[in-house]
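The primary structure of each chain is shown beneath.
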Amino acid sequence: MENPSHSKRIFSGIQPTGNLTIGNYLGAVKRWVKLQAEKIDTIYCIVDLHAATIWQEPRELKESTRELVASLLACGLNPEESTLFNQSQVSVHSELAWIFNCVARIGWLNRMTQFKDKAGKDREKASVGLFAYPTLMAADILAYKATHVPVGEDQKQHLELTRDIASKFNLDYKVRNFFPLPEPLIEGAATRVMSLRDGQKKMSKSDPSDFSRINLNDNNDLINQKIKKAKTDPYPLPDSLVELQERPEALNLINIYAALSDKTPEAVLIEFSGKTFSYFKPKLAELTVDQICPISDKMKALQKDPSYIDSVLENGSVEAEKIANPIIDEVYEIVGLIRKRRQH
Ligand code: TYM
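This one's a predicted model, so the numbers in the text were calculated from it and none came from an experiment.

(A) How the structure looks around the side chain of Arg247. With respect to the secondary-structure elements, Arg247 resides in the loop between helix H9 (220-229) and helix H10 (248-261). The exposure class assigned to Arg247 is buried, which follows from its relative accessible area of 13%. Not counting the four nearest positions on each side in its chain, Arg247 is found in contact with Asp233, Tyr235, Pro236, Pro238 and Phe277.

Right, dumping it as structure tokens:
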């Protein structure tokens with residue numbers, strides 16, 4: 001897809017590690033599908049090289065990559081309308097990441113909270129890849145000169161770093177506006193879906209408790225049980241959001257309901273004000289089952305055809321390269337690297 005005037009180009013990525021949660025769905029994928037429907041240039045990438053920053057069982061990594069493609073297609077991504085591929089098939093990501101490793105400063109990366117969380121106490125033992133993760137992420141986005149990046153709130157700091165890298169590259173090489181400064185799109189009621197067990201913790205694929213999250217492949221019974229057991233408080237729902245500030249678990253469930261039903265949290269509170277959780281939870285469970293179960297049914301059907309999944313990724317990577325190759329050629333020229341001419 002050519003975009004010479006460079007109006008608006010969306011890029012986002014997702015890691016193939018474990019099942020998608022309703023947090024990934026509401027914070028990112030559901031919005032990707034909406035952007036696709038707006039006929040904007042949309043590029044979505046399964047970031048398998050990012051997953052490799054923490055050791056993965058090789059066979060499982062392939063399986064999870066295919067499973068994730070099936071989930072994304074089941075959620076409504078259409079490979080005819082969006083470019084969908086896995087990162088490792090387009091070598092420009094790694095090439096540009098190296099250039100950005102030479103642009104970004106160690107001090108910038110030292111500030112990344114995600115590295116601190118993932119590396120834990122023994123950061124000396126974390127992989128160099130985990131530390132440099134944000135420069136690869138900047139390369140993912142800027143390899144396409146993407147202008148807008150729909151993500152959940154946890155990615156905000158990485159997006160700020162991407163902008164810093166783009167600015168410094170433009171400045172260091174005196175190429176004003178070569179890379180755009182991409183805008184994060186962090187919007188809607190579910191930019192940070194919290195754990196069902198603890199309203200202070202982000203819902204995550206890696207939480208040891210499966211009851212902390214709803215997975216996109218959970219069945220009807222499991223979704224009902226998880227919502228029934230979700231931590232709440234004994235008070236009825238208020239009629240305004242301000243009154244939920246000190247009630248994180250209640251706020252989280254209202255936000256999930258709002259994002260699933262495409263309403264604002266304020267509208268949901270008006271609907272349920274004065275009601276207790278014994279009334280609200282079954283309604284939330286019903287809505288979740290209605291939205292999630294058809295996705296998991298489609299996903300299972302798609303998973304039966306891995307060669308179709310592989311062809312989607314291959315075609316997507318060919319499309320992605322059409323955009324990224326001329327950009328990396330220009331980058332090498334700007335940086336002063338001699339390169340053999342491409343065969344067309
Ligand atoms: P990842 O794979 O952890 O998550 C994928 C997307 O899901 C969002 N998300 C959430 N949103 C709301 N509530 C939650 N509990 C929740 N959990 C996850 C994430 O914010 C993300 O949008 N580093 C990225 C992947 C990446 C990327 C990129 C994203 C690599 N390169 C370039 C954008 C652009 C990550 O690990 O996402």
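Still to come is the rest of the account.
(B) Main features of unusual backbone geometry. A positive phi angle, close to 50 degrees, is found at Lys145, a residue other than glycine. By secondary structure assignment, the location of Lys145 is in the loop between helix H7 (128-142) and strand E4 (148-150). Given a relative accessible area of 14%, Lys145 falls into the buried group. Here Lys174, not a glycine, exhibits a phi torsion of approximately 55 degrees, which is positive. Residue class for Lys174 comes out exposed when judged on its relative accessible area of 73%.

(C) Representation of the nonpolar core. Core analysis: the biggest nonpolar cluster contains 61 residues, and Ile22, Leu26, Leu72, Ile256 and Phe280 have the highest contact counts within it. Top element by residues in this core is helix H12 (residues 277-303). It accounts for 10 residues. Excluding residues that lie within four positions of it along the chain, Leu26 makes contacts with Arg31, Ala190, Val193, Ile256, Ala259 and Leu260. One finds Cys45, Val90, Ile165 and Phe178 within the second-largest nonpolar core, a separate group that totals 47 residues.

(D) View of the pairing of strand E1 (residues 9-14). Of all 6 residues that make up E1, 5 are buried, and the element is covered over most of its length. As paired strands, E1 and strand E2 (residues 41-46) are joined by 6 bridges and run parallel to one another. For Ile10, the partnering residue across the bridge sits in E2 and is Thr42. Handedness of the β-α-β unit built from E1, helix H1 (residues 22-37) and E2 comes out right-handed.

(E) Looking closely at the site of the ligand. Taken together, 26 residues surround the ligand, and among them Tyr133, Asp140, Gly152, Asp154 and Val193 come closest. A distance of 2.8 Å separates an oxygen atom of the ligand from a polar atom in the backbone of Gly152. Residue Val193 places a main-chain N or O atom 2.8 Å away from a nitrogen atom belonging to the ligand. Notes on the ligand: free accessible area 710 Å², of which the protein chains cover 96%. Residue assignment for the shell around the ligand shows that the elements contributing at least two residues are E1, H1 and H7.

(F) Main features of the packing of aromatic side chains. Tallied over the entire structure, the rule returns 15 aromatic pairs. Here Phe100 and Phe169 contribute two aromatic rings whose centre-to-centre distance is 6.4 Å and whose plane-to-plane angle is 75 degrees, an arrangement assigned as edge-to-face. With Phe100 in helix H4 (residues 92-103) and Phe169 in helix H8 (residues 156-172), this pair connects stretches of sequence that are 69 residues apart. In textbook terms, an aromatic cluster arises when at least three aromatic residues are bridged by ring pairs, as seen for Phe100, Phe169, Tyr173, Phe178 and Phe179. Residue placement shows Lys145 over the ring face of Phe178; its charged tip is 3.8 Å from the ring centre. Between Lys275 and the ring centre of Tyr279, over which it is positioned, the NZ or CZ distance is 5.2 Å.

Calculation criteria
Residues numbered from 1 in each chain as written. Predicted model: local features only at pLDDT ≥ 70, side-chain atom pairs only at ≥ 80, totals over all residues. Heavy atoms only, no water. Helix = DSSP H or I, 4+ residues; strand = E, 2+ residues; numbered from the N terminus. Buried < 20%, exposed > 50% of the residue type's maximum accessible area, 1.4 Å probe, protein only. Contact = heavy atoms within 4.5 Å. Core = buried A, V, L, I, M, F, W, Y, C linked by side-chain atoms within 4.5 Å. Pairing = 2+ DSSP bridges. Right-handed = clockwise from strand over helix to strand, strands pointing away. Near = heavy atom within 4 Å. Polar contact = N/O pair within 3.5 Å; in protein donor to acceptor, adjacent residues only side chain to side chain. Areas by Shrake-Rupley, 256 points an atom, 1.4 Å probe, with all protein chains shown as cover. Phe/Tyr/Trp six-rings, centres within 6.5 Å; stacked < 30°, edge-to-face > 60°. Lys NZ or Arg CZ within 6 Å of the ring centre and 35° of its normal.

Geometric values such as these leave the question of function open.
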